[in-house]
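Listed below are the residues making up each chain.
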Amino acid sequence: MKILLLTLPLLLFAFTTQADIVLDTNGDPLLPGAQYKVMPVIWGPTGGGLFPGKAGNSAYPVNVLKSFSEVDFGKPLRFLPLIRIGIIPTDTYLNIEFVETPEGVSSGNWVTVKDLGETWTVGIGGPQDHEGFDTLEGLFKINKSGSGYKLSFLPYVNGPMSGDIGTYIDDDRNWRLVVTDEQPYEVVFSKVEVESS
Ligand SMILES: *[C@@H]1O[C@H](CO)[C@@H](O)[C@H](O)[C@H]1NC(C)=O
């Protein structure tokens with residue numbers, strides 16, 4: 001089984017050009033189901049990683065927030081492509097979820113929520129976690145952008161709410177992820193080594 005898991009990415013490598021495959025900060029292919037922290041491509045005053053936090057009127061951490069501290073790499077995330085595949089090419093439909101579901105939230109799966117005026121922000125869980133606001137479930141994609149990557153959101157229903165994921169600091173100084181047609185948030189993927197038992 002181990003051999004199979006190791007050869008599959010290599011085989012796919014042979015059929016896809018390097019540029020089409022999403023790579024982590026070690027230069028290895030991003031692996032479906034493995035754990036990564038999503039960091040800004042530019043080190044320094046651009047802040048740190050992503051974590052589930054409270055930005056609205058929910059008592060639970062249902063919003064995807066970005067740390068103001070560059071030494072805070074945030075919480076591990078998983079990328080789950082819709083198709084069974086050993087690597088993640090760019091422009092592939094996938095779900096993104098926090099590995100750990102926070103207490104009081106239905107899941108760590110990313111959705112978008114219309115909780116900042118007309119702006120759709122990134123949150124986790126489902127409609128029940130965002131009472132009073134519209135939510136949209138959908139899929140994400142990773143594409144190259146600058147010297148890193150950007151994330152995009154594509155809702156299951158047809159509509160104008162698809163777009164790149166950018167960042168925005170709200171009036172309460174929460175650093176949110178938002179769906180935007182302006183500058184996308186450029187990121188890199190730092191693998192979290194997990195001990196298997
Ligand atoms: C990703 O990049 C490809 C190739 O440049 C492009 O065709 C596609 O529209 C992009 N997708 C998104 C969601 O930006």
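The structure reproduced in this document is the subject of the present report. What you see is a predicted model; the values in this text were computed from it and never measured.

A separate point is unusual backbone geometry. With a phi angle near 65°, D91 is a residue other than glycine that sits in the positive phi range. With respect to the element layout, D91 can be found in the loop between strand 4 (77–81) and strand 5 (94–98). At R173, a residue that is not glycine, the phi angle is positive and equals roughly 55°. Summarising the element assignment, R173 is placed in the loop between strand 11 (163–169) and strand 12 (175–180).

Every residue close to the ligand is listed here: D91, N143, K150 and S152. Within the contact set of the ligand, a nitrogen atom lies 3.1 Å away from a side-chain nitrogen or oxygen of D91. Taking N143, its side chain carries an N or O atom lying 2.3 Å from an oxygen atom of the ligand. Computed on the free molecule, the ligand has an accessible area of 360 Å², of which 41% lies beneath the protein chains in the complex. Split into classes, the residues belonging to the shell around the ligand amount to no nonpolar, 2 polar and 2 charged.

Moving on, we get to the nonpolar core. The nonpolar side chains of a soluble globular protein tend to be buried with one another. Core analysis: the largest hydrophobic core is formed by 35 residues, its most contacted members being L50, F79, W110, I142 and F189. Contributing elements (two or more residues each) for this core: strand 1 (36–40), strand 4, strand 5, strand 7 (119–124), strand 9 (138–145), strand 10 (148–155), strand 12 and strand 13 (187–191). Beyond its immediate stretch of four places on either side in the chain, F189 contacts V22, L23, D24, T25, L30, Y36, K37, V38, F79, I142, Y149 and L151.

In this structure, the second largest pocket spans a volume of roughly 360 Å³. Around the second largest pocket, the lining comprises 20 residues; the ones closest to its centre are G166, T167, Q183, P184 and Y185. Of the residues forming the lining of the second largest pocket, the biggest block, 4 residues, is contributed by strand 12.

The next subject is the pairing of strand 5. For strand 5, the tally of buried residues reaches 5 of 5 residues, placing the bulk of the element in the interior. Across the two faces of strand 5 the burial is the same, with L94, I96 and F98 and N95 and E97 all buried.

Moving on, we come to the pairing of strand 3 (residues 63–66). Judged by which residues are buried, strand 3 turns out to be covered on both faces: N63 and L65 on one side and V64 and K66 on the other are all buried. Where strand 2 (residues 50–53) lies against strand 3, 4 bridges are found, and the strand directions are antiparallel. Of the residues in strand 3, the one forming a bridge with F51 is L65.

Applying the stated criterion to the full structure yields 6 salt bridges. R176 is the partner of D115 in a salt bridge, and the nearest nitrogen-oxygen pair spans 2.7 Å. One end of the pair, D115, is in strand 6 (residues 110–116); the other, R176, is in strand 12, with 61 residues separating them in the sequence. Among the residues examined, D115 registers a relative accessible area of 15% and is labelled buried. Residue R176 is classed as buried on the basis of its relative accessible area of 1%. Through salt bridges with shared partners, a single network forms among D115, D170 and R176.

Quick notes on the rules
- Here the residue numbering is sequential within each chain, running from 1 through the sequence in written order.
- Only residues with pLDDT of at least 70 are given local features in this predicted model, and only at 80 or more are side-chain atom pairs given and counted; all residues enter the totals for whole chains, interfaces and linings.
- Here the side-chain values reflect all heavy atoms present in the structure, with hydrogen atoms and water set aside.
- Runs of H or I in DSSP of at least four residues are treated as helices and runs of E of at least two as strands, each being numbered from the N terminus.
- Think of it this way: one heavy atom of a residue within 4 Å of a molecule or strand is enough to make that residue near it.
- Contacts described as polar in this section are N or O atom pairs within 3.5 Å, which, within protein, must combine one atom able to donate a hydrogen with one able to accept it, while residues neighboring in sequence count only if both atoms come from side chains.
- To measure how exposed things are, a 1.4 Å probe is used in the Shrake-Rupley method; for residues, cover is taken only from the protein chains shown.
- Amino acid classes used here: Ala, Val, Leu, Ile, Met, Phe, Trp, Tyr, Cys and Pro are nonpolar; Asp, Glu, Lys and Arg are charged; the rest, including Gly, are polar.
- As used here, the term nonpolar core means buried Ala, Val, Leu, Ile, Met, Phe, Trp, Tyr and Cys residues forming a set that is joined through side-chain atoms within 4.5 Å.
- The buried label applies to any residue whose accessible area, calculated with a 1.4 Å probe on protein chains only, is under 20% of its type's maximum; exposed applies above 50%, and partly exposed to all values in between.
- Contact criterion: two residues are considered in contact whenever any of their non-hydrogen atoms come within 4.5 Å of each other.
- Using a grid of 1 Å spacing that covers the protein atoms alone, one calls a set of points a cavity when a 1.4 Å probe fits there but cannot get out, and a pocket when the set is open and has protein on both sides within 12 Å along at least five of seven lines; lining residues are those with an atom within 4 Å of a point.
- Grid points are joined across faces, edges and corners, and a volume is the space filled by probe spheres set on the points.
- At least two bridges found by DSSP between two strands is the condition for calling them paired.
- For this document, the term salt bridge refers to a Lys or Arg side-chain nitrogen within 4 Å of an Asp or Glu carboxyl oxygen.

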